[in-house]
Amino acid sequence: MVRPEDTRYPAGKSFAWGLQHVFTMYGGIIAPPLIIGAAAGLSAAALGMLVTAALFVSGCATLLQSLGVPGFGSRLPLVQGVSFAGVATMVTLVTGGGGLPVVFGAVIVSSLIGLLIAPLFAHIIRFFPPVVTGTVITVIGLSLIPVAARWAMGGNPAAPGWGSPGNIGLAALTLAVVLLLNRFGNGAIKRVAVLAAMVLGTLFAALSGKAHFSTVLNGDWVALPGVLSFGMPVFDVAAILSMTLIVLVLLTETTAGLIAIGEIVGTPVDGKRIASGLRADMLTSALSPLFNSFPQSAFAQNIGLVAITGIKSRYVVAAGGVILVLLGCLPVLGRIVAAVPAPVLGGAGVVLFGTVAASGIRTLAKVEYRENMNLVVVATSIAFGMIPVVVPSFYVEQLYERCTSGDCIIQSDIKR
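Read on for a plain summary of the structure. (Residues numbered from 1 in each chain as written. Predicted model: local features only at pLDDT ≥ 70, side-chain atom pairs only at ≥ 80, totals over all residues. Heavy atoms only, no water.)

Notes on the overall build of the protein chain
Working step 1: Each helix and strand in the protein chain was counted, giving 15 helices and four strands.
Working step 2: For the protein chain, whose C-alpha radius of gyration is 22 Å, the value lies close to the compact-globule estimate of 22 Å for 416 residues.
Working step 3: Overall, the protein chain is about 70 × 65 × 50 Å in size when its C-alpha atoms are taken along their principal axes.
Working step 4: Per-residue burial over the protein chain gives 48% buried out of 416 residues.
Working step 5: Counted over contacts in the protein chain with a minimum sequence separation of 6, partners at least 24 positions apart contribute 81%. (Helix = DSSP H or I, 4+ residues; strand = E, 2+ residues; numbered from the N terminus. Rg over C-alpha atoms; globule rule 2.2 N^0.38 Å. Buried < 20%, exposed > 50% of the residue type's maximum accessible area, 1.4 Å probe, protein only. Contact = heavy atoms within 4.5 Å.)

So, in structure tokens, the structure goes:
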């Protein structure tokens, strides 16, 4: 019997469904290089180089993860992309005087360390019964809901129109199209419901003046990724130690992603498969600085897309990886995808991220709760996992100093 993830579809369908994955993760994949590049004081041209490099490397990482080679790649429909987990650390490094070469050197060494310890992480699967995997998947989905909300409001709190009825309405329109196509469409339409909704939402935004394509044709059409365009990596011990801590987070993220996609696809994910997936993650992370990019990890929003469309084939995700590689080599295509307004992404994200949470709840429904600690474990874990989402300042120590007059308070935050 053919495993669900090994199902093959015609090339046309595979690339159409793969394009959905690209649309779903595009905003998340270009944000880290933009933030880090801006902190480094790069020019617009250099920022564009970081963005295309991120697309190219993420496409290669997705191909390795989904298709696999001996010892590397989980052979599951898992999309890889530049992780947000290390953005704050990398911004600190680039602003500390070392610039991007220090970041790239730290990423290379820390990822190689992660490659060595990946098999150790693979053994933790034995400690992940359904009560644990279901809780983890549920928390992943719930923690992503604020991302969809920010997209729906406009994506950037400093931009004009943040939270305006126009932005919320555009997100609601996109969400409504997704729901209608899933309710009344046939099987083929349901599989492209998210892509169709995003296209229709973008067209409506263009007609209403909220999407602009005037600059799409400006700039190079073809540009191959550069190699070490920002200089040779610099290996700083303190920076390497900082990034090694981030690598531990990335290993945890990807492990959770592998378990989640295994639950959704309905295929066994054992220690050997997790080890192969983590090795692919760390190998591409170690090589990414050579092409001017940053560490990779699994993208949870694309796990939600697999759940909502029911398309479990890793070859569809591989087709999305090919599109990402092309976007990295064809900046004009990247500019077209980048023209999709954030509220359109937000409308689709509500369904996608909610589906991840619902998949976790479905797993938790199989758990026995009578006369054991399972209910307490689920309740405590979900509540504790949601604390940073509902109260982002929970892990920030608040120091209050009252003025001598007693009628004012000075507050300062110290990061722990």
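Digging into helix α3 (residues 87–94)
Working step 1: Among the residues making up α3, those that are buried are Val-87, Thr-89, Met-90, Leu-93 and Val-94. Looking straight down α3, one finds its buried side chains confined to an arc of 160 degrees; they lie on one side. Residues of α3 that are exposed and point more than 90 degrees away from the buried face comprise Ala-88 and Thr-92. (Arc of directions from axis to C-beta.)

Here we look at the environment of Thr-174
Working step 1: Position of Thr-174 relative to the elements: it lies in helix α6 (residues 165–184).
Working step 2: In sequence terms Thr-174 and Val-199 are 25 residues apart; their C-alpha atoms lie 9.0 Å from each other.
Working step 3: Beyond its immediate chain neighbours, meaning those up to four positions away, Thr-174 contacts Ala-197, Met-198, Gly-201, Val-344, Gly-347 and Ala-348.

Notes on a nonpolar patch on the surface
Working step 1: A cluster of nonpolar side chains, contributed by Val-227, Leu-287, Leu-290 and Phe-291, occupies part of the molecular surface with about 310 Å² of accessible area.
Working step 2: Relative to the assigned elements, Leu-287 resides in helix α10 (residues 271–287). (Patch = residues over 30% accessible without salt bridge, like charges linked within 9 Å, V, L, I, M, F, W, Y side chains within 5 Å. Areas by Shrake-Rupley, 256 points an atom, 1.4 Å probe, with all protein chains shown as cover. Salt bridge = Lys/Arg side-chain N within 4 Å of Asp/Glu carboxyl O.)

Focus: the packing of aromatic side chains
Working step 1: Tallied over the entire structure, the rule returns three aromatic pairs.
Working step 2: Centre to centre, the rings of Phe-56 and Phe-291 are 5.9 Å apart; their planes meet at 50 degrees, and the pair counts as tilted. Taken together, the positions of Phe-56 in helix α2 (residues 44–67) and Phe-291 in the loop between α10 and β2 (296–298) put the pair 235 residues apart, joining distant regions of the chain.
Working step 3: A relative accessible area of 16% places Phe-56 in the buried class.
Working step 4: Pairing Phe-104 with Phe-294 gives two aromatic rings, centres 5.6 Å apart and planes at 35 degrees, and the pair type is tilted. In this pair, Phe-104 sits in helix α4 (residues 99–122) while Phe-294 sits in the loop between α10 and β2, placing the two residues 190 residues apart along the sequence. (Phe/Tyr/Trp six-rings, centres within 6.5 Å; stacked < 30°, edge-to-face > 60°.)

Take it as geometry only, folks, not as evidence of what the structure does.
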